[in-house]
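Given next are the chains, with one letter for each unit.
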Amino acid sequence: MGVLEHTSRRFNTFLHIKTRIYRKISYDYTQTRVLSTNYSNNAPILPVLIVGAGPVGLVLSVLLTKLGIKCAVVERSNEFSKHPQAHFINNRSMEIFHKLDGLAEEIQRSQPPVELWRKFIYCTSLTGSVIGSVDHMQSQDFDQIVSPVSVAHFSQYKLNALLIKQLEAIGFTIRNEGLNHRHLAEREILMGHTCTSVEPTDNFINVTTSSVTEGNHIENQIPCRFLVGADGAGSTVRNLVGIELRGEKDIQKLVSVHFLSRELGRYLMYEKPGMLFFIFNPGAIGVLVAHDLKQGEFILQMPFYPPQQKFEDFTSETCKKLIFKLVGHELADINVVDIKPWVMHAEVAEKYLACDNRIILAGDAAHRFPPAGGFGMNTGIQDAHNLAWKLAAVIKGIAPMSILPTYEMERRPIALFNTDLSIQNFQAAMAVPAALGLDPATANSVHQIINNTVGSILPSTVQKTLLDGIFSLGRAQLSDFVLNENNPLGSSRLAKVRRIFEEGKSLQLQFPAEDLGFRYREGALVPEIDSEGVPIKPEPPMGRRREYIPSADPGSRLPHMNVRVLSEVKKEVIISTLDLISRDKVEFLLIIAPIDSSYRLAHVVLKVANEHNILVKVCVMWPNGLVNEDARTKTSLAPWENYVDVVEVRQPSNSSSWWDICKMTHRGAILVRPDDHIAWRVKSAVVGDVTVQMEKVFSAI
């Protein structure tokens, strides 16, 4: 009775809360009906409302719309940010973009030439001596053997612009005004609207947004079936539903300075082209991100130690002086565009779903990583790709609501893994300054000591002078007098830095094994187990570059291989195996070899899938040079017609066959999900009753 009375009190209290500012819903919400007094019964219920118009929210909008799902977006900012923010797009994200009407190819055409960003450079100033450099690109990164596309260096605001262009092409409208007593329609992006409350009912979620029109605060009620919080690291949606973050907070406070200088861009383009510049000198220390050398667009990141250092002290003039110290001389055309403080965290949400799986977190709302390795935006884009087909399957009635928890089951472990990897990579970034005598851990310890001892006694100005003085003494070790080959101490430190570079222990840009090789261990798939019946665990992160090894294990992304499509039209059409998966339908792909037993398996798969209201297309993989030109597939699969014949395109000619790449025999079969991940596979022939086996498979996924 005590529990029931407590629940009842909570319910009644919740019903009578009048304010809609940051209303929180308990973690254990179960079918509590909360009616909004301002809700119009005539308002249509939007299938999906996305909060946040960053890359994750925009990508999810494109994916859902292509799958035939009505959705709309609300964004708290009045305009899209021009702050460059994230800039590295990894292989897997580029593969997703490859399927969005050639977005990957447009990014590759628009990005700076790879020769201008393949290196990280460590120097005493941008015009001074180079301590060392690391080239993060290898020949295999561009040969399209493991992926149909390559990585990219492309600022987030430019990516947003291309995504907006795609959304407008499929009928989306960007609106900056209020709703003016009308309902939010599908394919709208509503700018300047802050989500202030979420009220789940039995049939929908009532979302309240607040906007300012002509100085007046206006609230709007938007009913939706599913609410996706893709609203960034400080997610309002996450806070409203009371989901906590777990991990390491406040790893480092920094100031980010966005500035333009074509003069600096031209110099670096011809003298020291690179993506990141780690600058160490007695006057200042910072990391410069060259977003575009041709345009002269940069972001400078500097450590920041409050309360002794105040953000207000980083004025435009102060930042210019710091930039000049790092450059080595003044710049005539410098333009400081924006200055922002930010805090580095390594945290993952304790859960991704709330309110009977109807409120869902994605992107930075679900995980916050250190920027080392570029995992933040890329992990978020892959969240959207995993979520889109599952939401579409539920809304279309193909799958039950029980498929939605598999989003968290699959994506949260990936976020935890990427958190560990980004922390390791961040620690690797600290190895070089530590070798030069500037251990960041020491700087943080000094800061803590000041805060914990004299911080409560000395005036703030004295504390700042003390901290600045200690840091200046530390930076003195970077003087030319110390840091040179003729000084035994400097020579020893420089040798230590060279060893770090040679052993690959500095900050890494690419992680092919993790970018392409991440694998779901449980979820909407039939997992493989070891000989003792225990699920196979992933290898722990190493923090260094490991090459990707293709795998057809359940949960893995389908390996890439170029194939030639066979059809009655005698035209050479060469595509990736990843292109065989539908872009606009919730459709699975069954890959088989052209043999009788596999054709019989395909018949059973198509029949069982049809009974489960699931679309399946059959791909018949013909070996290189051994194509049977008759209509064997057509007759073998009749009356089923949803199939495609393809033949391997081996490059070079002596490379492995498709089934060798997958570490399977040609008697096996692979069932691929709409997000390119493998739901089920059999290495050889299915043992036992095939129909029973496939019933289990489609029930599991």
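See the structure above.
Cut-offs applied
- Residues numbered from 1 in each chain as written.
- Predicted model: local features only at pLDDT ≥ 70, side-chain atom pairs only at ≥ 80, totals over all residues.
- Heavy atoms only, no water.
- Buried < 20%, exposed > 50% of the residue type's maximum accessible area, 1.4 Å probe, protein only.
- Helix = DSSP H or I, 4+ residues; strand = E, 2+ residues; numbered from the N terminus.
- Pairing = 2+ DSSP bridges.
- Core = buried A, V, L, I, M, F, W, Y, C linked by side-chain atoms within 4.5 Å.
- Contact = heavy atoms within 4.5 Å.
- Axes fitted to C-alpha atoms, helices over the stretch in contact; angles between N-to-C directions.
- Parallel < 35°, antiparallel > 145°, perpendicular 65-115°, else oblique.
- Left-handed = near helix turned anticlockwise from the far one by under 90°.
- Nonpolar A, V, L, I, M, F, W, Y, C, P; charged D, E, K, R; others polar.

**Q** Just give me the short version of the pairing of strand S1 (residues 46-51), but keep the residues and values in it.
**A** For S1, the tally of buried residues reaches six of six residues, placing the bulk of the element in the interior. Across five bridges, the pairing between S1 and strand S11 (residues 216-229) is parallel. Among the inter-strand pairings, Leu46 is bridged to a residue of S11, identified as Cys224. Where S1 meets strand S2 (residues 71-75), four bridges bridge the pair, whose relative direction is parallel. Looking at the pairing, Val48 lines up with Cys71 of S2.

**Q** An account of the nonpolar core is needed here, citing residue identities and associated values.
**A** The biggest cluster of nonpolar side chains holds 118 residues, and the ones touching the most others in it are Leu49, Phe97, Ile107, Leu227, Leu590, Trp680 and Phe698. At 11 residues, the largest contribution of residues to this core is made by helix H9 (residues 375-395). Residues within four places of Ile107 in sequence aside, it is in contact with Ile89, Met94, Phe97, Ala152, Phe154, Leu159 and Leu162. Core analysis: the second largest hydrophobic core is formed by 34 residues, Phe120, Tyr122, Val151 and Leu494 among them.

**Q** Break down the pairing of S11 for me, with residues and values.
**A** Bridge analysis of strand S10 (residues 205-213) against S11 gives nine bridges, and the strand direction is antiparallel. Bridge assignment links Ser210 to a residue of S11, and that residue is Glu219. Counting the residues that bridge the hairpin from S10 to S11 gives two residues, and of these Glu214 lies at a positive phi of roughly 50 degrees.

**Q** Before we move on, can you summarise the packing of helix H12 (residues 440-452) against helix H13 (residues 460-475) with the specific residues and values?
**A** Relative orientation of the contacting elements H12 and H13 amounts to 160 degrees, with a least axis distance of 11 Å. What the angle tells us is that H12 and H13 run roughly antiparallel. Crossing of H12 against H13: the hand is right-handed. Counted together, Ala443, Val446, His447 and Ile450 of H12 and Gln463, Leu466, Leu467, Ile470 and Phe471 of H13 form the full contact between these two elements. Among the residues making up the contact of H12 with H13, the classes are represented as seven nonpolar, two polar and no charged.

None of this, on its own, says anything about what the molecule does.
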